[in-house]
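For reference, the chains in residue letters:
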Number of protein chains: 2
Amino acid sequence: MALQVQPYKGARDFYPEDKRLQKYIFGKLREVCESFGYEEYDAPILEPTELYLSKGNQEIIDEQTYTFQDRGGRSVTIRTEMTPTVSRMVAGRRQELAYPVRWYSIPNLWRYERMQRGRLREFWQLNADIFGVDGVEADHEIILLADRILRSYGAKPDMYSIHVNSRVLTEHLFRKYLLLSETQEQTLVRLIDRIHKMEKDSFLAQADAVLTPTQREDGTLDKLMELMQVKRLNDLPESVMNLPCILALKRLDDLLIESRVTNVKFDITLMRGFDYYTDIVFEVFDEHPENNRSMFGGGRYDGLVGMFGVEPVPTVGFGMGDVTLQNFLEAHELIPRLVPETDAYVVLLGDNLYEKAQPILNYFRDEGLRLAVDSTNRKLDKQIKTAVKKGIEHVIFIGDAELADERYKLKNLVSGLEDQHGRERIIAMLRDSRRTHGVPSVSDPALDDDFDA
Amino acid sequence: MALQVQPYKGARDFYPEDKRLQKYIFGKLREVCESFGYEEYDAPILEPTELYLSKGNQEIIDEQTYTFQDRGGRSVTIRTEMTPTVSRMVAGRRQELAYPVRWYSIPNLWRYERMQRGRLREFWQLNADIFGVDGVEADHEIILLADRILRSYGAKPDMYSIHVNSRVLTEHLFRKYLLLSETQEQTLVRLIDRIHKMEKDSFLAQADAVLTPTQREDGTLDKLMELMQVKRLNDLPESVMNLPCILALKRLDDLLIESRVTNVKFDITLMRGFDYYTDIVFEVFDEHPENNRSMFGGGRYDGLVGMFGVEPVPTVGFGMGDVTLQNFLEAHELIPRLVPETDAYVVLLGDNLYEKAQPILNYFRDEGLRLAVDSTNRKLDKQIKTAVKKGIEHVIFIGDAELADERYKLKNLVSGLEDQHGRERIIAMLRDSRRTHGVPSVSDPALDDDFDA
């Protein structure tokens, strides 16, 4: 029986054209992270399962991860997120590191889940974190970094919006302003986390069910619903206006404006799924009418490093998945035309040319040219059609006469222009053309009339 | 109980300084592969177990891989090598691809094995393959590519040697020259594959045990041992000298010399472990006296793509592991001093400077500078010491006076030189210095006398 050619379900093969797009996308991630002084790190894709159990989520481990026993009887999990790993690594060098520590990584992650748009079982996720800064400057920098990443692809501020909230504020509002218990707060936080996926009546009924009869009589549900309508910090109840968390949110807003990040909204309904956030959280939404949804987010999580038996380290970070990012770029038509890295396809004019061409090929490559040589000994038109099919813009022709004259024909398959040049000129021309790549076309009439070999 | 900070056994954390080395090593791999027109691809780290069973090696699956059942009852394996995967991908697009196809990848692979020098459970491996070329030109190109990769790190030809053999020749010698059966051939091939790890007597005894009494009488063992001594093609028995496989090996040698690959040796004992090789094979050995061993290899495997129910495709490729490569570079002192990507550490001179500095930081970053800002509000000496500890060469100082004058102090922590400059000059200086990075030192006396803030 023949083997299957499909990849494992929920995962992707990256053929060169797919990989090229991934390299473009990851290249920008790296460039922008490094422009803020973030250094890349990495870690094994397998982690001891304990690392994920720390949050007490046995159910998630059982149902949403790839977890198995290794031959030594140890339970291992294919990593589902990078935050536990990076916390482990910082804890491992808690004393030696020079703070603030700025780290990023683009790990491959796996989750065992039902496939839907923007969600595969396998994905990549940029993780960028700053460790060791207590102040809101760290929150500002992380949000600014996320903003600059989207802008680096050519995104305009009206294509996305950045929603900001504070866990500390949420807790204050639920406990001190609405006078709810901790359990009630937790239930409502989880409910509000899903508010945009529910009918209003359903939300009201479920929220009401959380309340005690006395709270119902006091009109707590109305007060809650009023709060949920608040769109600006200044519309919050008077009694919270001087809390440190409000002052921090205001300063964050000022700092972002100073850095020309203009599409930021206070969003009181923003809860974020993970339990580890401790203060300011944010989420970035796609504003495209057909793709309008949360893309990614992050926030402050000051407690995680401390779970490894060392002194805690204040931390702010975010994760940005490759699939949602690519959907965003596609929806807004922000993906440029990408071409192979190969500068030229080398067509050999006759037998035994492969051997004779080696010295000049060596020379060209030593000078930095990227050359694919046709070593099939086929007819010329077949060789040229291969170059066209590969999307390579230039062809260099090498034959006995060319080697004797030390002048080679360089043909541009996009413009159809061709001419004989010395080797230095060819090197200069191909280097120049890297900036202005075109994609050759098989239907180009210039292709057919030259070679009837 | 606190969580463990160590990574999973046999796998590595890559802290930024480790990742920087990996990026340097992988960067060269990508650069050289692309200079030969190879395009990068990738595939999921999980594969259906069937993919590896095709070679009938249930034992290897059971004992040397991470294999488990997913929740859908499907057996999956964390990939142990890339060759089955790339064959699957080529088979999946057998008709559409433009041959010759040149692909490379640097996958993360896992094998469940006992740890020893150069062998971890987790590693990376460059895989480069050319599909669709029957002739020895493909073998030549793959060996040349491997050679150019080592040279790209500064390796000299006397640091390594390239051993070449031919499966077709081996088969002919065993079957037609020594007159052995197919089973005897297979047993001896496996034995010779381990010849350099055995005592000579042990080898002789085991080889002798394979033979029949008649073969013993005919002196077959002596003939075998004589063959094993052959170091040059021309010393082979007269009767094989005109075989096509010998002519191919000779032409390969000529081609390699034409490309200035001078450290190639015919090695009749070279067998390669994998069963899928069909013709010429090669292996690269480290010639360092303390690290003398096989580093990596490859060869022609024309049969694999055909296992997916499509017409076979002639293929030559090799795999090069990151751990052995790094050991080689270390043994020969070929690893350069690497510094962080950050161009400068920004020290803020006083309160509220973080906000005021945003416009100039924006400007610098828009111009391509990579800047880490100290947002901790600490004393100056602490901020500078952080830059030193991070190995960042330059510090930019920003205070109220600097912002008013639009001139900023730039200090080189290596030379100790400092001066005030306008922003364009700072951009130009930092761009220039990327080529000549130094590593700052805490003991630099120039560090201490400036700032007693």
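Before reading on, note that the structure itself is shown above.
Quick caveat: nothing in here was measured; it's all calculated off a predicted structure.

## Overview of the relation of the copies chain B and chain A
Now for step 1: Expressed as a screw transformation, the operator carrying chain B onto chain A has a rotation angle of 180° and an axial translation of 0.0 Å, and the superposed copies differ by an RMSD of 0.0 Å. The transformation relating the two chain copies, once decomposed into turn and shift, fits a two-fold axis. Considering only C-alpha atoms, the residue of chain B closest to the rotation axis is B:Phe68, which sits at 3.3 Å.

## A look at the pattern of salt bridges
Now for step 1: Applying the stated rule across the entire model yields 62 salt bridges over all chains.
Now for step 2: A salt bridge links A:Arg216 to A:Asp208, with the shortest nitrogen-to-oxygen separation between them at 3.1 Å.
Now for step 3: With a relative accessible area of 36%, A:Arg216 lands in the partly exposed category.
Now for step 4: Take A:Asp208: its relative accessible area is 26%, and that puts it in the partly exposed class.
Now for step 5: Sharing partners across several salt bridges, the network here consists of A:Lys23, B:Arg30, B:Glu34 and B:Glu40.

## Digging into the packing of aromatic side chains
Now for step 1: Counted under the stated rule, the structure contains 37 aromatic pairs over all chains.
Now for step 2: Centroid distance A:Phe364 to A:Tyr408: 6.1 Å. Interplanar angle 75°. Geometry classified as edge-to-face. With A:Phe364 in helix H13 (residues 353-366) and A:Tyr408 in strand S16 (residues 407-412), this pair connects stretches of sequence that are 44 residues apart. One exposure class covers both A:Phe364 and A:Tyr408, and it is buried.
Now for step 3: Between B:Phe296 and B:Phe318, the ring centres sit 5.7 Å apart and the planes meet at 35°, which makes this aromatic pair tilted. One end of the pair, B:Phe296, is in strand S11 (residues 293-300); the other, B:Phe318, is in strand S12 (residues 315-321), with 22 residues separating them in the sequence.

## Quick word on the sheet that holds strand S3 (residues 67-69) of chain A
Residue and element names in this part refer to chain A.
Now for step 1: The three strands are arranged S2-S4-S3 in an open sheet whose pairing can be described as antiparallel. Either end of the sheet is taken by a strand with one partner, and the two such strands are strand S2 (46-48) and S3. Here the average twist between neighbouring strands, direction ignored, is 35°.
Now for step 2: Relative to strand S4 (residues 75-78), S3 is paired through three bridges, and the arrangement is antiparallel.

Procedures and definitions
Residues numbered from 1 in each chain as written. Chains lettered and ligands numbered in written order. Predicted model: local features only at pLDDT ≥ 70, side-chain atom pairs only at ≥ 80, totals over all residues. Heavy atoms only, no water. Least-squares fit on C-alpha atoms with pLDDT ≥ 70 in both. Salt bridge = Lys/Arg side-chain N within 4 Å of Asp/Glu carboxyl O. Buried < 20%, exposed > 50% of the residue type's maximum accessible area, 1.4 Å probe, protein only. Phe/Tyr/Trp six-rings, centres within 6.5 Å; stacked < 30°, edge-to-face > 60°. Helix = DSSP H or I, 4+ residues; strand = E, 2+ residues; numbered from the N terminus. Pairing = 2+ DSSP bridges. Axes fitted to C-alpha atoms, helices over the stretch in contact; angles between N-to-C directions.

Treat this as a map of the structure, not an account of what it does.
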